[in-house]
Amino acid sequence: MAKGTVGKNNWALLLMLLAGVVLGGFIGQLASNVPFLSWLNYGQTFGLSKPLILDLGILVLTFGLTIKITIAGILGIVLAIIIYRFL
């Protein structure tokens with residue numbers, strides 16, 4: 001087996017990836033006002049621009065999903081994977 005992967009929990013990896021995305025997005029937002037770091041907030045947004053509403057009379061369901069991928073978010077994911085590998 002590969003070194004460092006025995007006994008690791010996949011839920012821990014998922015949690016680390018989510019933390020990497022959140023922290024990367026936060027750092028990207030902070031860096032957007034700094035001229036030489038504004039490239040960290042460069043990215044693409046995709047998903048539903050308007051929510052999809054399903055009215056069933058007594059029940060109204062609203063569906064919506066928008067994902068914004070930035071350079072800082074990608075760097076956060078990569079850093080989370082590296083940290084997970086070494087722990």
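Keep in mind it's a predicted model, so treat the numbers as computed, not measured.

Enquirer: Outline the packing of helix α1 (residues 10–31) against helix α2 (residues 71–86), supporting the account with residue identities and numerical values.
Expert: Between α1 and α2, the least distance of the axes is 7 Å, while the angle of their chain directions is 145°. In terms of crossing hand, the pair formed by α1 and α2 is right-handed. Residues N10, A12, L13, M16, L17, G20, V21, G24, G25 and G28 of α1 lie in contact with α2, whose contacting residues are A72, G73, G76, I77, A80, I81, I83 and Y84. The residue inventory of the contact of α1 with α2, partitioned by class, reads 11 nonpolar, 7 polar and no charged.

Enquirer: Break down the layout of surface pockets for me, with residues and values.
Expert: Within this model, the largest pocket holds a volume of roughly 210 Å³. Forming the walls of the largest pocket are 13 residues, and the residues nearest its centre are G20, L23, G24, G76 and L79. Looking at the lining of the largest pocket, the elements that each hand over two or more residues are α1 and α2. Grouping the amino acids of the lining of the largest pocket by side-chain chemistry returns 10 nonpolar, 3 polar and no charged.

Conventions used here
Residues numbered from 1 in each chain as written. Predicted model: local features only at pLDDT ≥ 70, side-chain atom pairs only at ≥ 80, totals over all residues. Heavy atoms only, no water. Axes fitted to C-alpha atoms, helices over the stretch in contact; angles between N-to-C directions. Helix = DSSP H or I, 4+ residues; strand = E, 2+ residues; numbered from the N terminus. Left-handed = near helix turned anticlockwise from the far one by under 90°. Contact = heavy atoms within 4.5 Å. Nonpolar A, V, L, I, M, F, W, Y, C, P; charged D, E, K, R; others polar. 1 Å grid on protein atoms, 1.4 Å probe; cavity = no way out; pocket = protein on both sides within 12 Å on 5 of 7 lines; lining within 4 Å. Points joined across faces, edges and corners; volume = space filled by probe spheres on them.

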